[in-house]
Amino acid sequence: MTLPESDFESLPALVAQHARQRPAAPALVCGERRWCWRELDERADRIAALLQARGLGPGDTAALCGATSLDAVAVFIGILRAGAAAVPLAPGSTPAQLAAMAADAGVRVLFGDALADAVPWPEAVQRIALGDDPAVLDAALPPAGTRPRPVAIDPAWPFNIIYSSGTTGVPKGIVQPHAMRWAHIRRAGASGYGTGTVTMIATPLYSNTTLVCLIPTLAYGGCAVLCPKFDARGYLELAQAHRATHTMLVPVQYRRLMDLPEFDAYDLSRFQQKFCTSAPFHDELKAAVLARWPGGLTEYYGLTEGGGTCILQAHLHPTKLHTVGPPAEGHDIRLIGEDGRELPPGSTGEIVGRSPGMMTGYHGRPDLTRDAEWFSPEGQRFLRTGDIGRFDEDGFLVLMDRRKDMVISGGFNIYPSDLEAVLRQHPEVADAAVVGVASREWGETPVAFCVRREGSTLEAEALRQWLNAQVGKTQRLSALQLLPELPRSAIGKVLKRELRAAWEAGIH
């Protein structure tokens, strides 16, 4: 399939186009259930009509909080078709985090399954139930055949707001416009998406990692096979049965698949492209995937916020597996120093990027938006990554370290400062630091180092369990160590590099 020659087309319009041209072709599969394009389009129509009947339209937001399902995808498209912005929320977040994110985004309607029942949603939020049985949502929808009022979507309107953190009670919503998603769709054309595409979706819908692969699959008329819960053996069985051609996985998932003794027994010969993003993808793991899994392997390096992206086509550059590739076409990646000035070639510095696909800003946080921006001498807007890197002699970007201390565990971002703030709320904790350490299972995992208040007899494991009960599932500590004091620099900064090095050396 070729996309329209127009400068912009919305995802809901492309879904409607497929429903007209190929109504009986498969669009979504989840377990024993499957929808053709006509069914997906009609479901999205009814959802959009429901939202419009409740007064939602351009400028409004509606949230989705639940497991991956056919209806969850239809809800996402239906929200967009009504002209509103979608707010996918992680069910694994704490009730307080979810309520804070919904309030921050100004959510008016929330589609949620049983996991969302215990959340103290803001009073203004109207609840609509989702469930494994389609009859649950069907009961709230207008009759079959109901069509929404047409909405001409402006490329500058928000497509979605994705939350990157919320533990401290100050969630940070990344506003991604329709124009940004359209740029992603256009770029994906080079990866072989089309009406014959069968994409394995094995990461959750609230993750930008998932949307980067799901959106082009739908835009180009392919079929998405949804895996609500990742299991290495189950994933391979589905991929073989559906003759999958594309997938997006995070490094920890590739690791679990490569570790499966029977991996090589599965027929994966139809694969054309495999993608990876969201976490450090070690070169030895890339090499194993290239050697044992047919089809290309492409790594994306960039931010959920957008800005510059680097793309490593590992199958074409097997000697560059230690890099994240060169900048994507039309993307401008530069390095800056601590003083904010651009560095000359050959230097190591903070990575900043600019591209056609950039967030509008952090929702309701102009201060954080300003902090994330860097303007070139020509006055062009770039986004700061907080990562340190250098370009090799061929223009491939080599990541050196993270200026920020963010931990990426299983493809999810964990902010140590959030966990440290919670730890310091414990009455027997005098000081705390959290670092990411290498993990074979998760890629990285958070470990805390705490100093007890004088006279305290608090045990490390008791404190770890207390912390883990306060945060979302993806943020839980794997270990906690008590220290007499934290190592600090002359100006009082905690030396996290020393903590990490001591832990990985086994000094604990």
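Structure's up top.
Please read all numbers here as calculations on a predicted model, not as lab measurements.

1. As for the layout of surface pockets
Roughly 1100 Å³ of internal volume is contained in the second largest pocket. Lining the second largest pocket are 37 residues, with Pro204, Tyr206, Phe412, Lys473 and Thr474 positioned closest to its centre. Looking at the lining of the second largest pocket element by element, the count peaks at three residues for helix H9 (residues 251–259). In terms of residue class, the lining of the second largest pocket is built from 19 nonpolar, 14 polar and four charged.

2. Overview of the packing of aromatic side chains
Aromatic ring pairs are described here by two measures, namely the spacing of the ring centres and the angle between the planes. Taken as a whole and judged by the stated rule, the model has 14 aromatic pairs. Between the aromatic rings of tyrosine 235 and tryptophan 293, the centroid separation amounts to 6.4 Å while the plane-to-plane angle is 70°, which identifies the pairing as edge-to-face. Of this pair, tyrosine 235 sits in helix H8 (residues 232–242) while tryptophan 293 sits in the loop between helix H10 (283–292) and strand S13 (296–303); the two residues are 58 residues apart in sequence, bridging distant segments of the chain. Considered together, tyrosine 235 and tryptophan 293 belong to a single accessibility category, that of buried residues. Of the aromatic side chains, those joined through ring pairs into one cluster are Phe230, Tyr235, Tyr254, Phe263, Phe271, Phe281 and Trp293.

3. Regarding empty space enclosed by the protein
Left-over empty space is what a probe sized like a water molecule reveals as it rolls over the atoms. Applying the stated rule across the entire model yields four cavities of 30 Å³ or more. As for the largest cavity, its lining consists of His184, Arg187, Ala188, Tyr193, Val212, Pro216, Met248, Phe275 and Tyr300. Elements with a minimum of two residues in the lining of the largest cavity: helix H6 (178–188) and helix H7 (208–219). A per-element tally of the lining of the largest cavity places H6 first, with three residues. Of the residues that constitute the lining of the largest cavity, the class distribution is seven nonpolar, one polar and one charged.

4. Some points on the environment of glycine 443
One can find glycine 443 in strand S24 (residues 443–452). Once the C-alpha coordinates of glycine 443 and phenylalanine 281 are considered, the two residues, 162 residues apart in sequence, prove to be 8.2 Å apart. Those residues within four positions of glycine 443 in sequence are excluded, and the remaining contacts are Val437 and Ala438.

5. Looking at the pattern of salt bridges
Using the criterion set out here, one finds 25 salt bridges in the structure. The partner of aspartate 394 in a salt bridge is lysine 320, and the shortest N-O contact between them spans 2.7 Å. Remark: lysine 320 occurs in the loop between strand S14 (306–313) and strand S15 (332–336) and aspartate 394 occurs in the loop between strand S19 (381–391) and strand S20 (397–402); sequence separation between them is 74 residues. According to the relative accessible area criterion, aspartate 394 is partly exposed, its value standing at 48%. Under the relative-accessibility criterion, lysine 320 is labelled buried at 10%. Of the charged contacts in the structure, one is a salt bridge between lysine 496 and glutamate 420, with a shortest N-O distance of 2.7 Å. Taken together, the residues lysine 496 in helix H14 (residues 496–504) and glutamate 420 in helix H12 (residues 416–423) connect sequence positions 76 residues apart. Taken together, the shared-partner salt bridges in this structure form one network comprising Asp41, Asp45, Arg81 and Arg147.

6. Considerations on the sheet that holds S24
Spatially, the three strands line up as an open sheet ordered S23-S24-S25, and their pairing is mixed. The sheet terminates laterally at strand S23 (429–439) and strand S25 (479–482), the two strands that pair on one side only. Averaged over all neighbouring strand pairs, the angle between strand axes comes to 25°, with direction disregarded. Pairing between S24 and S25: four bridges, direction parallel. The partner of valine 447 across the bridge, within S25, is alanine 479. Here helix H13 (residues 460–468) sits on the sheet and contacts S23, S24 and S25; the angle it forms with S25, its principal contact strand, is near 135°. Lying on the sheet, H14 is in contact with S23, S24 and S25; it crosses S23 at an angle near 60°.

Cut-offs applied
- Residues numbered from 1 in each chain as written.
- Predicted model: local features only at pLDDT ≥ 70, side-chain atom pairs only at ≥ 80, totals over all residues.
- Heavy atoms only, no water.
- 1 Å grid on protein atoms, 1.4 Å probe; cavity = no way out; pocket = protein on both sides within 12 Å on 5 of 7 lines; lining within 4 Å.
- Points joined across faces, edges and corners; volume = space filled by probe spheres on them.
- Helix = DSSP H or I, 4+ residues; strand = E, 2+ residues; numbered from the N terminus.
- Nonpolar A, V, L, I, M, F, W, Y, C, P; charged D, E, K, R; others polar.
- Phe/Tyr/Trp six-rings, centres within 6.5 Å; stacked < 30°, edge-to-face > 60°.
- Buried < 20%, exposed > 50% of the residue type's maximum accessible area, 1.4 Å probe, protein only.
- Contact = heavy atoms within 4.5 Å.
- Salt bridge = Lys/Arg side-chain N within 4 Å of Asp/Glu carboxyl O.
- Pairing = 2+ DSSP bridges.
- Axes fitted to C-alpha atoms, helices over the stretch in contact; angles between N-to-C directions.

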